[in-house]
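# Structural description and commentary
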Amino acid sequence: MSSLTKNNYLIFYFLLIWMGANLFQAAFMELHVDETYYWVYSQFLDWGYYDHPPMVALFMKAGDTIFHSALMVRLLSVLTNVAAIAILWQLVKSYVQDASLFVILYSSMLILHVYSFITTPDTPLFFFTIVYFYLLKRYIKTDRLTNALLLAVVIAGMLYSKYHAVLVLLFTIVADLKLLKRPSFWLIVAISGVLFVPHILWQINHDLPSVQYHLFERSARAYRFSFTTDFILSQLLIVGPFAALALYYYVFRQRATDIFLRIMKFNCYGFLLFFLISTFKGRVEAHWTLLAFVPFFILAYIHLGRMEHIPRWVMRLLYANIALIIVIRIVLIFPIPALTKIRGLQQFWGKNDMAKRIHAKAGENYVIMDNGFQDISNYNFVNNTTKGFSYNTRNYRKTQYDFWPIEDSLRNHKAYYATFRSHGTPLQDTIQTIKGPLYGRFLDAVRTYQKVNIKVEGLRKEAEAGSKQYVTLTINNPYQDTISFSNADEQWPVFLEYGYTQPVFQEENFVEMHGDYRNIIIPPGETATFPAKINMPPSPGKYMLLFSIRTDPFTGARNSDKFPIRVN
């Protein structure tokens, strides 16, 4: 049997084992809380969402349409990951044909395991990026129309997966500026751009929410040195704690012997450097650099494969990584009780039980939670419903729940309100969860105005401490019924308030708006204006002004952008 045949057989059996292990993991491991949020995406298919493009919703919908389970919403992720590895082998074997090294190295990198069985926007992005690199290598060698057309479609798939795809394209061009001289390159740009137009139009029609969130709101905290050190440490851990330093060294040592490897170098270093610099703006999640580790793997594999002898200590470190990863994957399915008490790990277990306990109290009524989008999304998935609504408080950020029609359906109706804060009434239920006691009660004639948008005119960006500003508020009514700020004959009083805040989760004091806003009545689809007086903060500094509509018993919604003000 030839070495090529042996290599292909080994890859084939590795892919079978890999697929089987990931199908098992996908079936018996609880969905991550973010996965359940993306599942709700799939129940409201659209060309875009507040946080991400729509490919993740399509990945989930493909399996969930067949049968509702954790396995089925992850099914396409498992299958495309197997396909991606097969394509990756085809990509690298022209440099080095060593299937044993390929299998060992791939299995030893923690980050490459994560997106083999879970479904997030990174999952389709990982698949399309590997296909992109494979086609790009062909395109660099042979400038054919078919290669250009396939690249255009795959690039569109990358862009529809996650906005990080833009960095891959940017680093590719910077690494090989000669691509700009090819007429077919501009054909690729044109076709992929046209394919992406529906998402761009969605963004425009919704006032560019993703741009506002990712570029201006996501990282609003003051810089801390730990942002940078935590990022550096995380990039070692996600490679694999034992062999990471050695692999980084070998990636650095691998020379760019052709233009494709030069592109790999630029993408690997470019991603890591880009997000290292981003730590000076705010906290960077470890997995945001996922696409750095496709070229990282390619470069490490080629360098190790071309060595006359791989040091034994390196192989032992790779095996140690694999052993640790196997233990982690088993624990994610069969948790050790002591680990379930660690706050950072609670997102992996016990959520399904909490969702079922809430449903046992709420029945088929709508459910409202106010602690972010994750727990309520898990409630929706576990109970296969879209009657769970996230009340996004003013100290949080907007989410896709601000766009979906769930709030429209529950307004003025009965709903079950579950929160980790006591309602202060003996009528409340106490539900024991892995995150602590959850308190629930039924609300009649729910009064919420989360979709109402408030804009301000005449606001000065600089003002004196303790001074007053006179502005005009424009308040829209997006609902199908008239809204009124009067509390006459209303069970739940409403208050128009404003306050100054900075980062997400920072709680600030909000005060009621001056003036008689109680007479404001806005018909469906109409707007109203209100002249308002605003007191500036008493101390100098940089602030973010936010307007909020609060109705009992909620803490107040976020009803405007954050308007920056410098107080002197």
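First, a word on scope: everything that follows refers to the structure included in this document. Counting from 1, residues in each chain are numbered in the order their sequence is written. pLDDT decides what is reported in this predicted model: residues at 70 or higher carry local features, side-chain atom pairs at 80 or more are listed and counted, and totals for whole chains, interfaces and linings draw on all residues regardless. Excluding hydrogens and water, the side-chain figures rest on all heavy atoms present in the structure.

### Notes on the overall build of the protein
Rules: Only DSSP runs of H or I with at least four residues qualify as helices, and only runs of E with at least two residues qualify as strands; both kinds are numbered from the N terminus onward. Atoms considered for the radius of gyration are the C-alpha atoms alone. The globule rule reads 2.2 Å times the number of residues to the power 0.38. Only protein chains enter the calculation, and the probe is 1.4 Å; a residue is then buried if its accessible area is under 20% of its type maximum, exposed if over 50%, and partly exposed in between. Note on areas: these come from Shrake-Rupley sampling with a 1.4 Å probe, and a residue is covered only by the protein chains present in the view. For the purpose of charge, His is not counted, nor are the chain termini; Lys and Arg are scored as positive and Asp and Glu as negative. Charge placement uses NZ in Lys and CZ in Arg. For Asp and Glu, CG and CD serve respectively.
Across its full length, the protein holds 19 helices and 15 strands. The C-alpha radius of gyration of the protein comes to 26 Å, within 12% of the 24 Å expected for a compact globule of 568 residues. Counting only residues that meet the buried cut, the protein has 53% of its 568 residues in that class. Within the structure as shown, the protein displays about 25,100 Å² of accessible surface, and the carbon and sulfur contribution to it stands at 61%. Averaging the coordinates of the 53 positive side-chain charges in the protein and doing the same for the 39 negative ones gives two points 11 Å apart.

### As for the sheet that holds strand β8 (residues 468–476)
Spelled out, the test is: Here, any two strands with at least 2 DSSP bridges between them count as paired. Axes here refer to lines fitted to C-alpha atoms; in helices the fit is confined to the stretch in contact. Angles between the N-to-C directions go from 0 to 180 degrees.
Read across the open sheet, the three strands follow the order β6-β8-β13; overall the sheet is antiparallel. Since the sheet does not close on itself, it has two edges, and those belong to β6 (454–457) and β13 (527–535), each with one partner. Strand-to-strand twist of the sheet, defined as the mean angle between neighbouring strand axes without regard to direction, takes the value 30°. Bridge count for β8 against β13 is nine bridges, and the pairing is antiparallel.

### Topic: the packing of helix α7 (residues 122–141) against helix α14 (residues 259–278)
To keep it simple, the criterion reads: Angular relationships are summarised with four words: roughly parallel below 35 degrees, roughly antiparallel beyond 145, roughly perpendicular across 65 to 115, and oblique for the angles in between. In this scheme, a crossing is called left-handed if the near helix is turned counterclockwise away from the far one by less than a right angle; it is called right-handed if the turn is clockwise. Residue contacts follow a heavy-atom distance rule, with two residues in contact if any of their heavy atoms lie within 4.5 Å. In this classification, the charged set is Asp, Glu, Lys and Arg, the nonpolar set is Ala, Val, Leu, Ile, Met, Phe, Trp, Tyr, Cys and Pro, and all remaining amino acids, among them Gly, are polar.
In contact at an axis separation of 10 Å, α7 and α14 are set at 140° when each is read in the N-to-C sense. Relative to α14, the element α7 is oriented oblique. Between α7 and α14 lies a crossing of right-handed hand. In contact with F133, L136, K137 and I140 of α7, α14 contributes I259, F260, I263, M264 and N267. The residue inventory of the contact of α7 with α14, partitioned by class, reads seven nonpolar, one polar and one charged.

### Looking at the packing of aromatic side chains
To keep things clear, this is the line we draw: When the centres of two rings from Phe, Tyr and Trp lie within 6.5 Å, Trp using its six-membered ring, the rings pair. Their planes under 30 degrees apart give stacked, over 60 give edge-to-face, and anything left gives tilted. In this analysis the charged atom, NZ for Lys or CZ for Arg, is taken to sit over a ring once it is within 6 Å of the ring centre and within 35 degrees of the ring normal.
The tally for this structure, following the rule as stated, stands at 48 aromatic pairs. Between Y248 and F296 the ring centres are 4.9 Å apart and the planes differ by 70°, which places this aromatic pair in the edge-to-face class. Of this pair, Y248 sits in helix α13 (residues 244–253) while F296 sits in helix α15 (residues 293–306), placing them 48 residues apart in sequence. Among the aromatic residues, those joined into a cluster by ring pairs are Y37, Y38, Y41, F44, Y49, F373, F389, Y401 and W404. The lysine or arginine in question, R329, covers the ring of W18, its NZ or CZ lying 5.9 Å from the ring centre. The ring of F510 is capped by R394, whose NZ or CZ atom sits 4.0 Å from the centre of that ring.

### Description of a nonpolar patch on the surface
We apply this condition: Each patch is built from residues lacking any salt bridge and having more than 30% relative accessible area; the joining distance is 9 Å for like charges and 5 Å for nonpolar side chains (Val, Leu, Ile, Met, Phe, Trp, Tyr). Here, a salt bridge means any Lys or Arg side-chain nitrogen found within 4 Å of an Asp or Glu carboxyl oxygen.
On the surface, V194, V197, I200, L201, I204, L208, V211 and L215 cluster together to form a nonpolar patch covering roughly 670 Å² of accessible area. Listed by contribution, the elements that provide at least two residues to the nonpolar patch are α10 (183–205) and α11 (209–217). Assignment of secondary structure puts I200 in helix α10.

### Structural notes on the nonpolar core
Short version of the rule: Buried residues of nine kinds, namely Ala, Val, Leu, Ile, Met, Phe, Trp, Tyr and Cys, make up a nonpolar core once their side-chain atoms join them within 4.5 Å.
Judged by nonpolar contacts, the single largest core of 102 residues is most densely connected at Y132, F297, I298 and Y301. The element that contributes the greatest number of residues to this core is α7, accounting for twelve residues. Those residues within four positions of I298 in sequence are excluded, and the remaining contacts are L88, L91, V92, L261 and M264.

### What about helix α8 (residues 145–159)?
Condition: Given a helix with a known number of residues, its expected span is that number minus one, times 1.5 Å.
Given a rise of 1.5 Å per residue, 15 residues ought to cover 21 Å, and the 21 Å separating the end C-alpha atoms of α8 matches this to within 8%. Within α8, burial applies to N147, A148, L151, A152, V154, I155, A156, G157, M158 and L159. Close packing links the buried residues of α8 with α3 (55–64), α7, α9 (165–175) and α10.

### Quick look at the sheet that holds strand β11 (residues 510–512)
Here we have five strands laid out as an open sheet, ordered β7-β15-β14-β10-β11, and mixed in their pairing. Whereas interior strands pair on both sides, the edge strands pair on one side only; in this sheet they are β7 (462–463) and β11. Bridging between strand β10 (residues 494–501) and β11 involves three bridges; their strand directions are antiparallel. Following the sheet pairing, Y498 is matched in β11 by V511.

### Observations concerning the packing of helix α2 (residues 33–43) against α3
Direction vectors running N to C along α2 and α3 enclose 80°, while the axes themselves pass 8 Å from each other. Considering their axes alone, α2 and α3 lie roughly perpendicular with respect to each other. From α2, E35, Y38, W39, Y41, S42 and Q43 reach across to α3, where they touch V56, A57, M60, K61 and D64. Across the contact of α2 with α3, the residue classes break down as six nonpolar, two polar and three charged.

By themselves, these figures tell us nothing about what the structure is for.
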